[in-house]
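Analysis of the macromolecular model
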Amino acid sequence: MTDVVIRPLVAGEEELFDSMPDPLPQLRQISYADGIAGGGYRPEHTFIALRGDRVVGRAAWLLLPGAVGEPWLERFDLDLSPFTGAARPAEPAGSVDTVRLVDPAGSVGSAGPVDPAGPVDPAGPVDPARPVDPAGPVGTASEVGAALLRAAHDALGGPKVYHAALPAYWRRQPEVRAVAEATMAAARLAGLVERGERLRFSWAGGPLPAPSGRFSFRPAEDAAEINALVARIAEPVVLTGAETARAVAGVDLARDPMAWLTGTPLGNWRVALHGDEPAGLAGPTADACFPMIAYLGLLDESVLGELLADAVAALAGGGAYEVVADVDAHRVAVVAELERTGFRRIRSRVVFTPA
């Protein structure tokens, strides 16, 4: 019999959190130790699942210092190997696993039996209608993950938003897809609902498409012009850092970008013109954590490619070697234009929210 123990991390256990091999090492992510040092990660917002002395699940919610919103689930990893037939250690016939929820100051949960012969599929069958008791059966990695999330939700005052970070083109890589599907199945079992996918792109040098001559570009005249154009643009096509803006400052980047981009000089905003008529607006900024196209909206869809190139050129002219841009995955035309402009996909984020 082996217990799976679920508990919060305690101060000084950063090495225990990091002792679990990273299942997606190709992702560029802030380390847990750096997050603790910067104040975004906190032990009381971090939970682990232990099987013996081995970490088989970990979850860390992030809340940046000074943020007005709630923490969001930034790191959530599961070790699939103990739940596959070949990797499970041999145990006596009829033995069972149990799950215990433990607080460092004492027990806060009860144990429940599980069948050790869980499915070989790491994620296992997912039935969102079947509740997973945090102290109940866990025969798959996804069920351990769901128990871990439910225990944390109880301690954190309810479910929080989860941004599932994944490598680019994760669906095309079977090993990566298995990892992703296990954690996302756990999120669904724990009561979270998938809301969409966001793609991150990066431009890291190279020639930009030549302008057609149909459009001209200039800096924004003042805040009034920027706000007037934002009000006319129903839905921007590129928003980079929108999740952080909302969580940290309570700002809707699509509707009030200047409230978030306070360090960006007004003259850095780029206005696209077709003759004398505005065709689009871009907010490239080098004053965030890295150069990015924070905002890009269109009044004439045909200006997209040239406005992207103009925004990148403005940042590169200021010394930027890399420019990032985030876009919703369903915007196929925008994705194609980013790639034509020389951007490459570097990351995906699948967004889950409380039901």
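Residues numbered from 1 in each chain as written. Predicted model: local features only at pLDDT ≥ 70, side-chain atom pairs only at ≥ 80, totals over all residues. Heavy atoms only, no water.

Here the focus is the packing of helix H3 (residues 141–156) against helix H4 (residues 174–189). Between H3 and H4, the least distance of the axes is 8 Å, while the angle of their chain directions is 45 degrees. Comparing the axis directions of H3 and H4 gives the class oblique. Our pair here, H3 against H4, has a crossing hand that is right-handed. Touching Ser142, Glu143, Gly145, Ala146, Leu149 and Arg150 of H3 are Glu181, Ala182, Ala185, Ala186, Ala187 and Leu189, all from H4. A class-by-class count of the residues in the contact of H3 with H4 yields 7 nonpolar, 2 polar and 3 charged. (Axes fitted to C-alpha atoms, helices over the stretch in contact; angles between N-to-C directions. Helix = DSSP H or I, 4+ residues; strand = E, 2+ residues; numbered from the N terminus. Parallel < 35°, antiparallel > 145°, perpendicular 65-115°, else oblique. Left-handed = near helix turned anticlockwise from the far one by under 90°. Contact = heavy atoms within 4.5 Å. Nonpolar A, V, L, I, M, F, W, Y, C, P; charged D, E, K, R; others polar.)

Packing of helix H8 (residues 304–317) against helix H9 (residues 332–340) leaves a shortest axis separation of 10 Å and a crossing angle of 45 degrees. Comparing the axis directions of H8 and H9 gives the class oblique. The interaxial crossing formed by H8 with H9 has right-handed handedness. Residues Leu304, Gly305 and Leu308 of H8 lie in contact with H9, whose contacting residues are Ala333, Val334, Glu337 and Leu338. When its residues are assigned to classes, the contact of H8 with H9 shows 5 nonpolar, 1 polar and 1 charged.

What follows covers the side chain of Arg58. Within the secondary structure, Arg58 sits in strand S3 (residues 54–62). A distance of 3.1 Å separates a polar side-chain atom of Arg58 from the backbone oxygen of Met20. A polar side-chain atom of Arg58 sits 2.9 Å from a polar atom in the side chain of Asp77. In this structure, Arg58 is in contact with Phe17, Asp18, Met20, Pro21, Asp22, Pro23, Phe47, Ile48, Arg75, Phe76, Asp77 and Leu148, ignoring residues within four places of it in sequence. (Polar contact = N/O pair within 3.5 Å; in protein donor to acceptor, adjacent residues only side chain to side chain.)

A full pass over the atoms with the stated rule returns 1 cavity of 30 Å³ or more. Here the largest cavity is characterised by a volume of approximately 150 Å³. Leu24, Phe76, Asp77, Tyr162 and Ala165 are the residues nearest the centre of the largest cavity, which is lined by 18 residues in total. Contributions of two or more residues to the lining of the largest cavity are made by strand S4 (72–78), strand S8 (162–167) and H4. If you tally residues by element for the lining of the largest cavity, the top one is S8, at 5 residues. Class assignment of the residues belonging to the lining of the largest cavity gives a composition of 11 nonpolar, 3 polar and 4 charged. (1 Å grid on protein atoms, 1.4 Å probe; cavity = no way out; pocket = protein on both sides within 12 Å on 5 of 7 lines; lining within 4 Å. Points joined across faces, edges and corners; volume = space filled by probe spheres on them.)

Where H9 is concerned, the buried positions are Val334, Val335, Glu337 and Leu338. Buried residues along H9 cover an arc of 165 degrees about the axis, so they all sit on one side. Of the exposed residues in H9, those oriented more than 90 degrees away from the buried face are Val332, Ala333 and Arg340. Where H9 is buried, its residues meet strand S9 (192–203), strand S11 (238–239), H8, strand S15 (323–328) and strand S16 (344–354). (Buried < 20%, exposed > 50% of the residue type's maximum accessible area, 1.4 Å probe, protein only. Arc of directions from axis to C-beta.)

The next point concerns the nonpolar core. Trp61, Phe76, Leu149, Tyr162 and Phe352 are the most contacted members of the largest nonpolar core, which totals 38 residues. Contributions of two or more residues to this core are made by strand S1 (3–8), strand S2 (41–51), S3, S4, H3, S8, H4 and S16. In terms of residue count, H3 provides more of this core than any other element does, 8 residues in total. Judged by nonpolar contacts, the second largest core, of 27 residues, contains Phe215, Val303, Leu338 and Phe343. (Core = buried A, V, L, I, M, F, W, Y, C linked by side-chain atoms within 4.5 Å.)

Our next topic: the environment of Pro8. Secondary-structure assignment places Pro8 in strand S1. With 144 residues separating them along the chain, Pro8 and Ala152 place their C-alpha atoms 7.8 Å apart.

Our next topic: the environment of Val55. For Val55, the location among the structural elements is in strand S3. Residues Val55 and Ser19 lie 36 residues apart in sequence; the distance between their C-alpha atoms is 7.2 Å. With sequence-adjacent residues up to four places away left out, Val55 is seen in contact with Leu16, Ser19, Met20, Ala49, Leu50 and Asp79.

This part takes up the layout of surface pockets. By volume, the largest pocket is sized at about 1,100 Å³. For the lining of the largest pocket, the secondary-structure elements that each account for two or more residues are helix H2 (32–38), S4, S9, helix H6 (242–249), S15 and S16. Considering every element that reaches the lining of the largest pocket, the biggest residue donor is S16, with 6 residues. Looking at side-chain class alone, the lining of the largest pocket contains 20 nonpolar, 10 polar and 12 charged residues. Here the second largest pocket is characterised by a volume of approximately 680 Å³. Lining the second largest pocket we find 30 residues, and of these His163, Ala242, Glu243, Arg246 and Val351 sit closest to its centre. Elements that contribute at least two residues to the lining of the second largest pocket include exactly S9, H6 and S16.

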